[in-house]
Amino acid sequence: MTHHHHNPQTTRKNDEDHNHENHGRDSHHEPDHEGHDHHNHDGHGHHGHEGHDHGAMVEEFKRRFYISLFVTIPILLLSPMIQDFIGLEFSFPFDQYVLFGLATFVFLYGGWPFLTGSVDELKQRNPGMMTLIGLAIVVAYGYSSLVVFGWTGKNFFWELATLIDIMLLGHWIEMKSVMGASNALQELVKLMPNEAHRLKDNGETEDVPLSELDTDDLVIVKPGEKIPVDGLITEGKSAVDESMLTGESIPVEKTEEDEVIGGSINKEGSLTIQVKNTGDDTYLSKVITLVEEAQNSKSRAQGFANRAAKWLFYLALGAGITTFIVWVALGFAFDVALERMVTVMVITCPHALGLAAPLVVAVSTSLSAKQGLLIRNRTQFENARNIDAVIFDKTGTLTKGEFGVTNVIPTEGNEENEVLYWAASVEQNSEHPLARGILEKAQDKEISLGKVEDFEPITGKGLKGIIDGREVKVMSPGYMKDKNYFYDTESFSRLSEEGKTVVFVLHDDELLGMVALADMVRDSAKEAIAELKSKNIHSVMLTGDNEKVAKWVADQLEMEEVYAEVLPNHKADKVKEVQAKGRKVAMIGDGINDAPALATADVGIAIGSGTDVAVETADIVLVKSNPKDIVSIVTLSRNTYRKMVQNLWWATGYNIFAIPLAAGVLAPIGVVLSPAVGAILMSLSTVVVAINAKILKAE
């Protein structure tokens, strides 16, 4: 069962990497790509691949960066060009060979991720950042090695080493700021217990792994345990919490002949279940497949910087070759023309471009983290600037997912507080979510409670207990009907039409009043929707709850568009429906049942307090569970994007200026850009880019 889920996990991880974007994103999994084709490992490669996860990759770049940086220092000191530059004179026999050795080490060790990355990009016929860096370091290394072994010219080893160092630094910064790849499917698998108590013919139970269960086996589920399989109840009754699967907040009462879903939690009674679906046919496995499909179909849009890199790559090749041809045509010596060509090719690779995006990413990630936004998928976060519709899942997102008392209606001659006193006193020992709501209301009103004796829940009906020597019951509408009690049916139907849950408080079998409870709306949700409206972003509500509940909540929030009674597996379709109107959609939800929808939306946002799975399929996680944070996401995304564009202009603008000079356009009037000056210009553009990134604001 578990192995079955590993495979997609790996594809997902690669997708994440391709999809994380910004620039040569493909590079991220380069170091472990020496065996790029995962499928030639008989499936065993998958586990290895996951093991070599993001954490290891980050460490890898960090290590390569520090070691290369350390070796760069002697390279700089031994480079004739740098010596001239700082007026340093020193040499020893064979010093150029030592330089060659050190440079070879940096080229192979530090440059490895870029070399393998270029090969990968070229295989896909899509040159980008990696190929651009690859071109520059290969040309610089090849040419400089020829110079060391007797060619006339200057060597570029220092240029090679600094380029590799800065690119490693850029990648390391960027990877650190991007959270690890997704574990959604593993989270889902965790929800399933791994054992079940199977009933043997002689009435004893044995614990067996899920994989050994067959259809029609009987299993026993004790109170508080997770239900291991989809099946039918043959004996017992209980309340089952299906909220993580269906989003329905109230535990559902189940008795014989009712169906139960694997992964839901059995609350009260002991149940005997006849197995219907096992393994891949269970509801949970279907959700897993939906999540996989949605994740794999996400676009692999390549980053902005990567596109810039692609053009620069062609430009570098073109400019280099043109330069060479022109210089030779003008009658210059072969080695002079070659030096010009190399200068052009090396200079075209802008160090700043490697840092333009990662620095902004690092700053925006730390800013967003301070605001309680965890960004898991950069591409989608950058796309958030274009959002024009937000779909909210109701339970747990717009509402708190917990019950609060909305109305107390005493029968004539009784006080509200009196009704609350008896109800809350008897509810003190109950685990039921409704009980918590009633107790909170009593605390708010500072009612001190009586002591309860002989407390007992009546499954499916309510509960009773003795308080101050009187019998108090808190019962369901069903019980009232069965016992033919007379009550204010008009108020009752009005309340239940608003989707509220109503309980009746009886005192020595006499009706004291009714208490209505509902899933409480978050105040922050109301503000969020108003703010989105002011930014011309349309809000939509999506819920599995019934029409009336949905309408009641929507009215409180002033939302126009509501889809109610949507089955969990149809949520993703509703997202597609809104997308089909040409809208860019952000989906915000919390339950597992939202996972496929979160993965389908242009931007999936999870509320942190939700179940772990949704958090794992989301692109962005709101740690504070505050819907208002959506507004921050949109603003931060817009600002981040603006900064990136500015930085890329700075980074490439330097090139537009430096390439013709390096090519020798002004040579006739005696201006030739020496590689050393090129290097200074380059460092300047890097500094500008770094400073510009630092001044990114969240507002």
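Residues numbered from 1 in each chain as written. Predicted model: local features only at pLDDT ≥ 70, side-chain atom pairs only at ≥ 80, totals over all residues. Heavy atoms only, no water.

Where an unreviewed UniProt entry is consulted, the chain appears under the name P-type Cu(+) transporter, with the organism given as Halobacillus karajensis. Entered under Subcellular location (unreviewed entry) in the UniProt record, the comment concerning the chain runs "Cell membrane". Taken directly from UniProt, the Sequence similarities (unreviewed entry) text for the chain runs: "Belongs to the cation transport ATPase (P-type) (TC 3.A.3) family. Type IB subfamily." (UniProt positions renumbered as here; feature names shortened; annotations may be inferred.)

Engineer: Looking at this structure, I do not really get the overall build of the chain. What am I missing?
Structural biologist: On a plain count of helices and strands, the chain comes out with 27 helices and 22 strands. Out of the 699 residues in the chain, the part that is buried amounts to 55%. Within the chain, residue pairs in contact and separated by at least 24 positions form 71% of the contacts whose partners lie at least 6 positions apart. Accessible area for the chain stands at about 29,300 Å²; split by element, carbon and sulfur atoms hold 56% of it. (Helix = DSSP H or I, 4+ residues; strand = E, 2+ residues; numbered from the N terminus. Buried < 20%, exposed > 50% of the residue type's maximum accessible area, 1.4 Å probe, protein only. Contact = heavy atoms within 4.5 Å. Areas by Shrake-Rupley, 256 points an atom, 1.4 Å probe, with all protein chains shown as cover.)

Engineer: I keep staring at the packing of aromatic side chains and nothing clicks. Help me out?
Structural biologist: What characterises a pair of aromatic rings is the spacing of the ring centres plus the angle enclosed by the ring planes. Tallied over the entire structure, the rule returns 16 aromatic pairs. Ring geometry for Tyr97 versus Phe149: centroids 5.6 Å apart, planes at 40 degrees, classification tilted. Remark: Phe149 occurs in the loop between α7 (129–148) and α8 (157–177) and Tyr97 occurs in helix α5 (residues 95–110); sequence separation between them is 52 residues. With a relative accessible area of 40%, Tyr97 lands in the partly exposed category. Each residue in the set Tyr97, Phe100, Phe107, Tyr141, Phe149 and Phe157 is aromatic and connected to the rest through ring pairs, giving one cluster. Over the ring of Trp327 we find Arg340, and its NZ or CZ is 5.9 Å from the ring centre. For the cation-ring pair, Arg385 lies above Tyr641, with the distance from its terminal atom to the ring centre recorded as 3.3 Å. (Phe/Tyr/Trp six-rings, centres within 6.5 Å; stacked < 30°, edge-to-face > 60°. Lys NZ or Arg CZ within 6 Å of the ring centre and 35° of its normal.)

Engineer: Please clarify how a nonpolar patch on the surface should be interpreted in this entry.
Structural biologist: Together, Leu146, Trp151, Val328 and Phe334 give the surface a local cluster of nonpolar side chains, amounting to about 340 Å² of exposed area. Within the secondary structure, Trp151 is located in the loop between α7 and α8. Classification of Trp151 by relative accessible area gives partly exposed; the value is 31%. (Patch = residues over 30% accessible without salt bridge, like charges linked within 9 Å, V, L, I, M, F, W, Y side chains within 5 Å. Salt bridge = Lys/Arg side-chain N within 4 Å of Asp/Glu carboxyl O.)

Engineer: What is the right way to look at the UniProt feature "transmembrane region" (unreviewed entry) in the chain in this model?
Structural biologist: Using the residue numbers shown here, the UniProt feature "transmembrane region" (unreviewed entry) corresponds to residues 65–82, 94–115, 127–150, 156–173, 311–330, 342–369, 648–670 and 676–696. Secondary structure over residues 94–115 splits into 91% helix and 0% strand, and the C-alpha atoms at its two ends are 28 Å apart. Across residues 127–150, the secondary structure splits into 83% helix and 0% strand, with the terminal C-alpha atoms separated by 33 Å.

Engineer: Quick question: what am I supposed to make of the pairing of strand β9 (residues 271–277) here?
Structural biologist: Taken together, the four bridges between strand β3 (residues 218–221) and β9 define a ladder with antiparallel strand orientation. Opposite Val219, over in β9, you have Ile273 as the bridge partner. Here strand β4 (residues 230–235) runs beside β9; their pairing, made up of five bridges, is antiparallel. Its bridge partner being in β9, Ile233 is matched across the sheet by Ile273. (Pairing = 2+ DSSP bridges.)

Engineer: What's the story with unusual backbone geometry in this structure? I'm lost.
Structural biologist: A negative phi angle is the norm for most residues apart from glycine, just as the trans form is the norm for most peptide bonds. Phi at Glu257 is positive, roughly 75 degrees, even though this residue is not glycine. Mapping Glu257 onto the fold places it in the loop between β6 (252–254) and β7 (259–260). Relative accessible area serves as the criterion here: at 60%, Glu257 is assigned to the exposed category. Positive phi outside glycine occurs at Asn484, with the angle close to 50 degrees. Relative to the helices and strands, Asn484 is located in the loop between α19 (477–482) and α20 (489–497).

Engineer: How should the packing of α7 against helix α13 (residues 334–348) be read in this particular structure?
Structural biologist: The description of two packed helices rests on the angle between their axes and on the distance between the axes. Two elements in contact, α7 and α13, have axes whose closest approach is 9 Å; the angle formed by their N-to-C orientations is 150 degrees. Classified by the angle their axes make, α7 and α13 are roughly antiparallel. As for how α7 packs across α13, the hand of that crossing is left-handed. Packed against α7, whose contacting residues are Ala136, Val139, Ala140 and Tyr143, the element α13 presents Asp335, Leu338, Glu339, Val342, Met345 and Val346 at the interface. (Axes fitted to C-alpha atoms, helices over the stretch in contact; angles between N-to-C directions. Parallel < 35°, antiparallel > 145°, perpendicular 65-115°, else oblique. Left-handed = near helix turned anticlockwise from the far one by under 90°.)

Engineer: Looking at this structure, I do not really get a negative patch on the surface. What am I missing?
Structural biologist: Together, Glu402, Glu440, Asp444 and Glu446 give the surface a local cluster of negative charge. We classify Glu440 as partly exposed; its relative accessible area is 39%. (Lys, Arg positive; Asp, Glu negative; His and termini not counted. Charge placed at Lys NZ, Arg CZ, Asp CG, Glu CD.)

Engineer: What is the right way to read the pattern of salt bridges from this model?
Structural biologist: Following the criterion strictly, the structure yields 19 salt bridges and no others. Among the salt bridges present, the one from Lys628 reaches Glu527, with a minimum N-O distance of 3.0 Å. One end of the pair, Lys628, is in the loop between β22 (620–622) and α26 (629–663); the other, Glu527, is in helix α21 (residues 523–534), and 101 residues separate them in sequence. In the salt-bridge network here, residues are joined through shared partners; they are Glu60, Arg63 and Arg64.

Engineer: How do you make sense of the packing of α5 against α7 when you look at a structure like this?
Structural biologist: One way to put it is that α5 packs onto α7 with a least axis distance of 10 Å and a crossing angle of 160 degrees. The pairing of α5 with α7 is recorded here as roughly antiparallel in orientation. Viewed along their axes, α5 and α7 form a crossing whose handedness is left-handed. Judged by residue contacts, Gln96, Tyr97, Phe100, Ala103, Thr104 and Phe107 of α5 engage Ile137, Val138, Tyr141, Ser145 and Val148 from α7. In terms of residue class, the contact of α5 with α7 is built from eight nonpolar, three polar and no charged. (Nonpolar A, V, L, I, M, F, W, Y, C, P; charged D, E, K, R; others polar.)

Engineer: I would appreciate a short explanation of the environment of Phe324 in the present structure.
Structural biologist: Mapped onto the elements of the fold, Phe324 is located in helix α12 (residues 304–329). For Phe324, a relative accessible area of 19% translates into the label buried. For the pair formed by Phe324 and Leu338, sequence separation is 14 residues and the distance between their alpha carbons is 6.2 Å. What Phe324 contacts, discounting residues up to four positions off in sequence, is Phe334, Ala337, Leu338 and Met341.

Engineer: Just to check I follow, could you spell out the sheet that holds strand β5 (residues 238–241) for this structure?
Structural biologist: Pairing between sheet strands relies on hydrogen bonds along the backbone, with the strands arranged either parallel or antiparallel. With antiparallel pairing, the three strands of this open sheet are ordered in space as β6-β5-β8. Lying at the two open borders of the sheet, with one neighbouring strand each, are β6 and β8 (265–266). Pairing geometry for β5 and β8, over two bridges, is antiparallel. Across the sheet, the residue bridging to Asp241 is Ile265, located in β8.

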